[in-house]
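Here's the letter readout for the chains.
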Amino acid sequence: MEKVIDKKVLLKVDQLKQYFPVKTESIFKPKAFVKAVDDVSFELFEGETLSIVGESGCGKSTTGRAILRLDEPTDGKVYYSGQNILELNKKEMRKLRGDLQVIFQDPFASLNPRQTVKQILNEAMAIQNVVEKPKRMDRMLELLGYVGLPPEALDRYPHEFSGGQRQRIGIARALAVDPKLIICDEAVSALDVSIQAQILNLLKKLQKQFQLTFLFISHDLSVVRHISDRVMVMYLGKVVEIAEKKDLFDSPLHPYTKALLSSIPVPNPTLKRERVMLTGDVPSPIDPPTGCRFHTRCPFAVENCKQVEPALREIRNNHFVSCHRAEELAQ
Amino acid sequence: MLMFIIRRLVQTVPVIIGVTFVVFFIMQLVPGDPAVLLAGEGASKDTIEAIREQLGLNRPLYVQYFDYLMNLANGDFGVSLKNSQPVLDEILVRLPITLELALFSILITIVLGMGAGIISAVKPYSMQDVGVMLVALIGISLPSFWFGLMLMYFFSVKLQILPVAGWDSLLHVILPALTLGAGGAAIVARMTRSSMLDVIRQDYIRTARAKGLRERLIIYKHALRNALIPVITVVGLQFGALLGGTVLVESIFAINGLGRMIVDAIRMRDLPMVQGGVLFASLIFVIVNLFVDVFYRFFNKRIELN
């Protein structure tokens, strides 16, 4: 069942940081920053689906946007096919955007309400000049076919479609420029569960068909379990664990991942499960806890966790975790 | 669309009748008797009484009002109490002047206002944004009679590049139109800015960026077109305020337009003239609103469907 991924790195994110300045109460105080993404590094292999999970505000969407330079990151490097795209100038970046596409969460907000589907698709192709003008009409019909929309859809406006159909339009739009990598930012979160499954299966089918690589950002673990090859867990702007999906779901190492996984509802009331409950709220990303950022809520925290920030270490094969006590707790 | 326009036109009829009602009865509340003013000071009681009789002012008010309405329905706006000229003739001379002034003013409002709003919204919270918005705030705060006089002093008296007052050439239009349009431009600028900022944060703007679209195209093609709807509404409303403003501006710049005519007529208690003038002014306003509604529908495809 498991897909075989040849380990060719398509995208390498290196120490990515995204800080947003916040208003301070006094002009004499030093400027404060929300450290939305703080020193995040990971690799994305060609043809795989890597999911980023975590609760709201952990920096998963910000990571996606920073990679695409939709918000200019504060620091770090993002290598795409060996090239640091953060160093590209505007023109080079525009050209590269054909390779990197994005699908947003809200299918109502991500399509211009004043453009027909035809205009939406056509514009995408025109900018990147992927298809010659006379062939564009055929290409548009082909795209609609891929995402399961009728040809009549071309002359309609986004508001004439349902949420699921709009998301299909969004996917067709992303495909229009022949991308290599698609960042799906909560791409199914706004949809009904039944529609979610349809869209997820569509994404899987398209991935196979066009050898796409997905960076799948989601807070929904069931969805992540369905679509991913590997999973990366984030907490307060940091990566806490990265592993193959099966490995992560079967034997999570980080206490936070364990808590997160035990929160997945199981549709079986007789099943007794051990639940890891977390107390307290997520601390403020403006002034995150010292040492391990999770120590304030971690049931296993010791003195060392408050002082020293744990590095991301490979504990098992391809299983990285940033926890001082990972080995201990694994037993 | 045609049905919509017809329906809107029918809706304007009660509005116009309402306007005649209000204008007619408010003029009755204004102190001063037109008969006394016409007869002149020291006229005998008999003379005044005779004038009343002649003008029909001695009849009950509701009779006068219905009489007035019936005449209106026949296209008869009455004759001026002052010089016995038909009111309609006078209005038709004055109206084009006011319309021209209003048109140039609204043009200034739209061009200056939207331009400034876009400049602000493209780089929010930057120096250029703060600067433009400061000027807009000043524009809203300045009373037009003072602003008009200042413009007059600076451009006509000091620099002597524009005429002081009157209404002869296109050069004469500039200062009054600027005076009249400035306040509206400031409001439109602020509206455009906030509306643009709203739209720029939308995902489809991000999508457009992600596609690799040029920033200029993102702003004009995607952002501005979506941001325009509330701005159109404001421009329409602003046109109403502008008509009120003509009263002041026409007086300052000695322009013989509809606004000044109404002011003079009120001073003379020239009832038919006031009624005719106000009626026409409200007619213009109603028509402009109709245009805004139609334009709005045309622009927002979603409204048309619902």
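Bear in mind that the values here come from a model prediction, so they are computed numbers and not experimental data. (Residues numbered from 1 in each chain as written. Chains lettered and ligands numbered in written order. Predicted model: local features only at pLDDT ≥ 70, side-chain atom pairs only at ≥ 80, totals over all residues. Heavy atoms only, no water.)

### Some remarks on the overall build of chain A
Tallying secondary structure elements over chain A gives eleven helices and twelve strands in all. Against the 2.2 N^0.38 benchmark of 20 Å for 331 residues, chain A shows a C-alpha radius of gyration of 21 Å, consistent with a compact globule. Burial status across chain A gives 52% buried among its 331 residues. Counting every atom, chain A has about 15800 Å² of accessible surface; 51% of that belongs to carbon and sulfur. For chain A, the distance from the average position of its 47 positive side-chain charges to the average position of its 42 negative side-chain charges is 2 Å. (Helix = DSSP H or I, 4+ residues; strand = E, 2+ residues; numbered from the N terminus. Rg over C-alpha atoms; globule rule 2.2 N^0.38 Å. Buried < 20%, exposed > 50% of the residue type's maximum accessible area, 1.4 Å probe, protein only. Areas by Shrake-Rupley, 256 points an atom, 1.4 Å probe, with all protein chains shown as cover. Lys, Arg positive; Asp, Glu negative; His and termini not counted. Charge placed at Lys NZ, Arg CZ, Asp CG, Glu CD.)

### Some details on the environment of V13 of chain A
Residues and elements named next belong to chain A. Counting through the fold element by element, V13 comes out in strand β1 (residues 9-22). In this structure the C-alpha to C-alpha distance between V13 and T49, which are 36 residues apart in sequence, comes to 15 Å. In contact with V13, not counting residues within four places along its chain, are V40, S41, F42, I67 and K77. (Contact = heavy atoms within 4.5 Å.)

### A short note on helix α8 (residues 170-200) of chain B
The terminal C-alpha atoms of α8 of chain B lie 39 Å apart, and with 31 residues this falls more than 12% below the ideal 45 Å at 1.5 Å per residue. Of all the bends in α8 of chain B, the largest measures some 40° and sits at G181 of chain B. (Expected span 1.5 Å × (residues − 1). Bend = angle between axes of the 7 residues up to and from the residue.)

### Focus: the packing of aromatic side chains
Tallying each qualifying case throughout the model produces 14 aromatic pairs over all chains. Residues Y19 of chain A and F33 of chain A carry aromatic rings whose centres are separated by 6.3 Å and whose planes lie at 45° to one another, so their mutual orientation is tilted. Highlighted residues: Y19 of chain A in strand β1 and F33 of chain A in strand β2 (residues 32-45), separated in sequence by 14 residues. Where F154 of chain B meets F155 of chain B, the ring centres are 5.4 Å apart and the plane angle is 90°; that geometry is what we call edge-to-face. Linked through ring pairs, F21, F24, F25, Y65, F66 and Y68 of chain B together constitute an aromatic cluster. If you follow R193 of chain B out to its NZ or CZ, it ends over the ring of Y125 of chain B, 5.7 Å from the centre. (Phe/Tyr/Trp six-rings, centres within 6.5 Å; stacked < 30°, edge-to-face > 60°. Lys NZ or Arg CZ within 6 Å of the ring centre and 35° of its normal.)

### Regarding the interface of chain B and chain A
On the side of chain A, 24 residues touch chain B, which itself brings 21 residues to the contact. Between chain B and chain A, a total of about 2300 Å² is buried, with carbon and sulfur atoms accounting for 53% of that surface. Residue E123 of chain A pairs with K221 of chain B through a salt bridge whose shortest N-O separation is 2.8 Å. Linking chain B with chain A are twelve residue pairs in polar contact (both at pLDDT 80 or more). For the side of chain B that touches chain A, the secondary structure elements donating two or more residues are α9 (203-211), α10 (215-252) and α13 (301-305) of chain B. If you tally residues by element for the side of chain B that touches chain A, the top one is α9 of chain B, at seven residues. Here the side of chain B that touches chain A is built from residues that sort into six nonpolar, six polar and nine charged. (Buried area = accessible area lost by both parts, 1.4 Å probe. Salt bridge = Lys/Arg side-chain N within 4 Å of Asp/Glu carboxyl O. Polar contact = N/O pair within 3.5 Å; in protein donor to acceptor, adjacent residues only side chain to side chain. Nonpolar A, V, L, I, M, F, W, Y, C, P; charged D, E, K, R; others polar.)

### Re the environment of N129 of chain A
Looking at the secondary structure, you find N129 of chain A in the loop between α3 (117-128) and α4 (136-147). Along the sequence, N129 of chain A and L175 of chain A sit 46 residues apart, while their C-alpha atoms lie 13 Å from each other.

### Topic: the UniProt feature "transmembrane region" (unreviewed entry) in chain B
UniProt feature "transmembrane region" (unreviewed entry): in the numbering of this structure it lies at residues 12-30, 101-122, 134-157, 169-189, 227-253 and 273-296 of chain B. End C-alpha to end C-alpha, residues 101-122 of chain B measures 32 Å, and it is 100% helix and 0% strand. (UniProt positions renumbered as here; feature names shortened; annotations may be inferred.)

### Thoughts on the UniProt feature "domain: ABC transmembrane type-1" (unreviewed entry) in chain B
Within this structure's numbering, the places UniProt gives as "domain: ABC transmembrane type-1" (unreviewed entry) are residues 95-296 of chain B. Between the first and last C-alpha atoms of residues 95-296 of chain B the distance is 27 Å; the span itself is 85% helix and 0% strand.

### Comments concerning the nonpolar core
With 67 residues, the main nonpolar core has I91, M196, F239, F253, L258 and L279 of chain B as its most contacted residues. The element that contributes the greatest number of residues to this core is α10 of chain B, accounting for 15 residues. Each of domain 1 (17-73) and domain 2 (88-305) of chain B gives at least three residues to this core. For L279 of chain B, the contacting residues outside a window of four places in its chain are I16, V19, T20, Y68, L72 and F77 of chain B. Residues M140, F161, C184 and L206 of chain A belong to the second largest nonpolar core, which totals 39 residues. (Core = buried A, V, L, I, M, F, W, Y, C linked by side-chain atoms within 4.5 Å. Domains from an automatic or database assignment.)

### A few points about the domain arrangement of chain B
Residue and element names in this part refer to chain B. Once the domains are mapped, chain B shows domain 1 (17-73) and domain 2 (88-305). Contacts between domain 1 and domain 2 engage 13 residues on the former and ten residues on the latter. When domain 1 packs against domain 2, the two sides together hide about 1000 Å² of surface, and 77% of this comes from carbon and sulfur. Here domain 1 is connected to domain 2 by zero salt bridges. Viewed at the interface, domain 2 and domain 1 are joined by zero residue pairs in polar contact (both at pLDDT 80 or more). Breaking the side of domain 1 that touches domain 2 down by element, the ones donating at least two residues are α1 (2-29), α2 (34-39) and α4 (61-73). A total of six residues in the side of domain 1 that touches domain 2 trace back to one element, the largest contributor, which is α1. Class assignment of the residues belonging to the side of domain 1 that touches domain 2 gives a composition of ten nonpolar, three polar and no charged.

### Here we look at the pairing of strand β6 (residues 100-103) of chain A
Residue and element names in this part refer to chain A. By the alternation rule, side chains of β6 split into L100 and V102 and Q101 and I103, which are all buried. Where β6 lies against strand β7 (residues 181-185), four bridges are found, and the strand directions are parallel. Across the sheet, Q101 pairs through a bridge with I182, a residue of β7. (Pairing = 2+ DSSP bridges.)

### Focus: unusual backbone geometry
All names here are of chain B. Positioned with a positive phi, S84 is a non-glycine residue whose angle comes to about 60°. You can see S84 is positioned in the loop between α4 and α5 (87-122). The phi dihedral of Q160 falls on the positive side, at around 55°, and the residue is not glycine. Mapped onto the elements of the fold, Q160 is located in the loop between α7 (144-158) and α8.

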